[in-house]
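A closer look at the structure
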Amino acid sequence: MFTLADVYRARQVISKYLVRTPLVYSRQLSRLLGFDVYLKLENLQPTRAFKVRGGVYFAMIRKDEAQRKGLIAASTGNHAQSIAYAGKLIGARVVIVMPEGVSRVKVEALKDLGAR
């Protein structure tokens, strides 16, 4: 079970590598839905998705091991980019396992981050 202290520790670790994304009020969605709607702009992260936090945290708390052994993940998208980005930050080899038929754009994004 995670504690609030674990959350604060993770925030401290990842804050050096990721931006703090803002909440932006959406007047149009609020009017349409009948209640206040705020959008969390995770598209401002380096990988354009919130999942980058988990990959960066994982790589940072296991940095020495990850630099020695590398990182491997199975994913079709955002988690894969999270691990690839984290590997690039720490200089670790990254291998991503993906099923056939994944979007060429996603595959190229991983290659741009240095993953195989």
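Scroll up to find the structure this text is about.
Residues numbered from 1 in each chain as written. Predicted model: local features only at pLDDT ≥ 70, side-chain atom pairs only at ≥ 80, totals over all residues. Heavy atoms only, no water.

**Observations regarding the layout of surface pockets**
Threshold: Site definitions follow a grid-based scheme: protein atoms alone, a 1 Å grid, a 1.4 Å probe that fits but cannot get out for cavities, and for pockets an open set with protein on both sides within 12 Å along at least five of seven lines, plus lining residues having an atom within 4 Å of a point. Grid points are joined across faces, edges and corners, and a volume is the space filled by probe spheres set on the points. Under the DSSP-based scheme used, a helix requires at least four consecutive residues in state H or I and a strand at least two consecutive residues in state E, with every element numbered from the N terminus. In this classification, Asp, Glu, Lys and Arg are treated as charged, Ala, Val, Leu, Ile, Met, Phe, Trp, Tyr, Cys and Pro as nonpolar, and every other residue, Gly included, as polar.
Quantified by volume, the largest pocket comes out at close to 300 Å³. Together, Val-7, Ala-10, Arg-11, Ile-14, Ser-15, Leu-18, Val-19, Arg-20, Thr-21, Lys-40, Gln-45 and Arg-53 line the largest pocket. Residue contributions to the lining of the largest pocket peak at four residues, all from helix α1 (residues 4-14). Residue composition of the lining of the largest pocket, grouped by class: five nonpolar, three polar and four charged.

**Some remarks on the pattern of salt bridges**
For side chains of opposite charge, pairing can occur when their charged atoms come near one another. The line we're drawing: Put simply, a salt bridge is a Lys or Arg side-chain nitrogen that is within 4 Å of an Asp or Glu carboxyl oxygen. Note on classification: 1.4 Å probe, protein chains only; a residue is buried when its accessible area is under 20% of the maximum for its type, exposed when over 50%, partly exposed between these limits.
As enumerated under the stated definition, the model contains four salt bridges in all. A salt bridge links Glu-42 to Arg-53; the shortest N-O distance between them is 2.3 Å. With a gap of 11 residues between them, Glu-42 in the loop between β2 (38-40) and α3 (52-61) and Arg-53 in helix α3 connect regions that are remote in the sequence. Close ionic contact of Lys-69 with Glu-65 constitutes a salt bridge, the shortest N to O distance being 3.5 Å. Residue Lys-69 and its partner Glu-65 are located together in helix α4 (residues 63-69), separated by four residues, close to a single helical turn. Glu-65 sits in the partly exposed class, given a relative accessible area of 36%. Look at the salt bridges and you will find they share partners, linking Arg-104, Glu-108 and Lys-111 into a network.

**Description of a nonpolar patch on the surface**
Rules: Patch criteria: residues need more than 30% relative accessible area and no salt bridge. Like-charged residues are merged within 9 Å; nonpolar side chains of Val, Leu, Ile, Met, Phe, Trp and Tyr are merged within 5 Å. Methods summary: accessible areas were calculated by the Shrake-Rupley approach with a probe of 1.4 Å, and residue burial reflects only the protein chains presented.
Where nonpolar side chains cluster on the molecular surface, the patch consists of Leu-29, Leu-32, Leu-33, Phe-35 and Leu-39 and spans about 500 Å² of accessible area. Here the element with the most residues in the nonpolar patch is helix α2 (residues 27-33); it accounts for three residues. Within the element layout of this structure, Leu-32 appears in helix α2. When its relative accessible area of 68% is taken as the criterion, Leu-32 is described as exposed.

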